[in-house]
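# Descriptive structure summary
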Amino acid sequence: MKKYILFLLPIFLYATSFNDLIKSVDNNLLVKSKQEQTKALKKMLKAKKAKNSPFIDLQLNAIRLNDTPTAGGFGPTLLTIGTKTNLDASLGITYPLFTGYAITKSIQKAKLEFIKSKLETKELKRKLYLKIASLYSAIYSSNKALIASNDAKKAIEDSYKKAKGLYSNGLINISNLYKIEAQKYEILSMIQSYKEQKNSYINDLEYLTKKRTDVKSLPNINISTNINLLQNRALKSRADIKVLKVQLKIDKKDIALAKSKKYPQIALFGAIKRQGDDLNLNGNGFTNADQSYIGASLKYNIFDGGEKRSERQASRAKKNATVLYFADYKRAVIKNIKNAILRLDSLNFQLKSSTKQVEASKSYYKLTNGRFNNSIASGDELSRAIANLATAKAKKQNIKAKIFLQICKINLLAGSDYFMKSISNTK
């Protein structure tokens, strides 16, 4: 039974669909790390909100003096004015009545930082989706190159057997055998190289998704080449665009926070306080037991060497930089979508051309093989015909892989939500 289980295990390992690989990004360690950062920012938001509430402190002080406090003359004429043991307890409250809107703005900024972090997580996923698609297409391309190379290996081995027969009958010279044999080893070297590439891609994909899988075929993904539709979706829903929009709002809050320092800070405070020479806090015979109080404070900075002014100027400059960067970023997004569509058109044309190349290479191989069997073509010609056919087959499949990847890129350029919708029905 164990033998059957071990035999079936690779099948389970290599049965992961493209859709499942994409969904596995939720378990990626980088994504989880970013999600933890978002949780931290959410807690910071709560901490900022707490500053808008009154602060209540309970305080207990106990002091034991070395000597009894006295005052007056010398010797027996000294007057006792206190006790060695002094205790006081207070329950105080402080409320920031006005801070120049600093607390309100800092709460709003913390909320924006939290929203920004959530959007950055979504943008991270979009980038990981593209990496997975790239590796997926690369594994497919390597597989097809291996198949083409193995077909070439079989063809070259068959040709070598025929060549040995022709050589034994004196119909060809030894150089033809050497040419075919050399081509065989070159094909074997290519097979080994493709295997190494494929395994590297599988390892990279497993690193991202925690799933080890092979790729035998490519899913059909819906694609729209309507540039206006793609641009509108990208500018409206892409997470990185939203991140920059939120950053602009954060920059505005920074300006407001810098301005808040121009205003005075007003606070109300008070406490219920008692003191005494023991824990009853009934006084010490010298001062009142009840030390309760209420008050207000006003703090206004008159001169700071230009610090507040410089901070305001810096925050405005930072916002202007974000505005310019955002404008350029949107132009780059539009440009990338246009170029991606052009690239897809080019790849589709290349696929048609490569299909013709495969057909021509097949015809040439059949012709050369027939001519070689009749001692008309050399072993070098036959070897090159076999190699060219394998190259043409691999090239065609490589272009198919590139088309698949380009479709993924275009959909991802329109946003991760658009991309997820396009692959929702794939297997």
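In the block above lies the structure referred to throughout.
So, here is what we can say about the structure in this document. (Residues numbered from 1 in each chain as written. Predicted model: local features only at pLDDT ≥ 70, side-chain atom pairs only at ≥ 80, totals over all residues. Heavy atoms only, no water.)

Secondary structure assignment for the chain yields ten helices and six strands. For 427 residues, the compact-globule estimate of 2.2 N^0.38 gives 22 Å, and the chain exceeds it by more than 25% at 39 Å. Taken along its principal axes, the extent of the C-alpha atoms in the chain is 140 × 55 × 40 Å. Scored against the burial criterion, the 427 residues of the chain give a buried share of 37%. As displayed, the chain offers around 25500 Å² of accessible surface, 56% of which is attributable to carbon and sulfur atoms. (Helix = DSSP H or I, 4+ residues; strand = E, 2+ residues; numbered from the N terminus. Rg over C-alpha atoms; globule rule 2.2 N^0.38 Å. Buried < 20%, exposed > 50% of the residue type's maximum accessible area, 1.4 Å probe, protein only. Areas by Shrake-Rupley, 256 points an atom, 1.4 Å probe, with all protein chains shown as cover.)

Backbone geometry places Lys-210, a non-glycine residue, at a positive phi of 65°. Tracing the backbone through its elements, the reader meets Lys-210 in the loop between helix H5 (174-209) and helix H6 (227-237). Note on Lys-210: relative accessible area 55%, which makes it exposed. If you check the backbone angles, Ser-375 has positive phi at about 60° while not being a glycine. Tracing the backbone shows Ser-375 in the loop between helix H8 (307-373) and helix H9 (379-413).

A separate point is the nonpolar core. Counting 46 residues, the largest nonpolar core has Phe-18, Ile-132 and Phe-419 as the members making the most contacts within it. Only helix H2 (18-23), helix H4 (102-168), H5, H6, helix H7 (239-260), H8, H9 and helix H10 (416-422) provide two or more residues apiece to this core. Residues Ala-145, Ala-152, Ala-155 and Ala-390 belong to the second largest nonpolar core, which totals 23 residues. (Core = buried A, V, L, I, M, F, W, Y, C linked by side-chain atoms within 4.5 Å.)

Here we come to empty space enclosed by the protein. Under the criterion given, the structure shown has one cavity of 30 Å³ or more. Among the elements of the structure, H4, H5 and H9 are those that each provide at least two residues to the lining of the largest cavity. In terms of residue count, H9 provides more of the lining of the largest cavity than any other element does, three residues in total. Counted by class, the lining of the largest cavity contains five nonpolar, two polar and no charged residues. (1 Å grid on protein atoms, 1.4 Å probe; cavity = no way out; pocket = protein on both sides within 12 Å on 5 of 7 lines; lining within 4 Å. Points joined across faces, edges and corners; volume = space filled by probe spheres on them. Nonpolar A, V, L, I, M, F, W, Y, C, P; charged D, E, K, R; others polar.)

Before going further, it helps to spend a moment on the layout of surface pockets. Approximately 270 Å³ is the volume attributed to the largest pocket. Taken together, 15 residues line the largest pocket, and the ones lying closest to its centre are Lys-261, Tyr-263, Gln-265, Asn-301 and Lys-308. Ranked by residue count, the leading element in the lining of the largest pocket is H8, at three residues. Taken together, the residues that form the lining of the largest pocket break down as four nonpolar, four polar and seven charged.

Moving on to the packing of aromatic side chains. For the structure on display, the rule yields ten aromatic pairs. Judged by centre distance (6.4 Å) and plane angle (90°), the rings of Phe-18 and Phe-419 are edge-to-face. Residue Phe-18 is found in helix H2, and its partner Phe-419 is found in helix H10; the two are separated by 401 residues along the sequence. Take Phe-419: its relative accessible area is 0%, and that puts it in the buried class. Between Phe-98 and Tyr-101 the ring centres are 5.4 Å apart and the planes differ by 85°, which places this aromatic pair in the edge-to-face class. Members of the aromatic cluster, connected to one another through ring pairs, are Phe-18, Tyr-129, Tyr-136, Phe-404 and Phe-419. In this arrangement the basic side chain of Lys-330 is found over the ring face of Phe-326, its NZ or CZ atom lying 4.5 Å from the centre. (Phe/Tyr/Trp six-rings, centres within 6.5 Å; stacked < 30°, edge-to-face > 60°. Lys NZ or Arg CZ within 6 Å of the ring centre and 35° of its normal.)

Tracing the backbone through its elements, the reader meets Ser-24 in the loop between H2 and helix H3 (29-50). Classification of Ser-24 by relative accessible area gives buried; the value is 4%. Excluding anything up to four places from it in sequence, Ser-24 contacts Thr-209 and Lys-211. (Contact = heavy atoms within 4.5 Å.)

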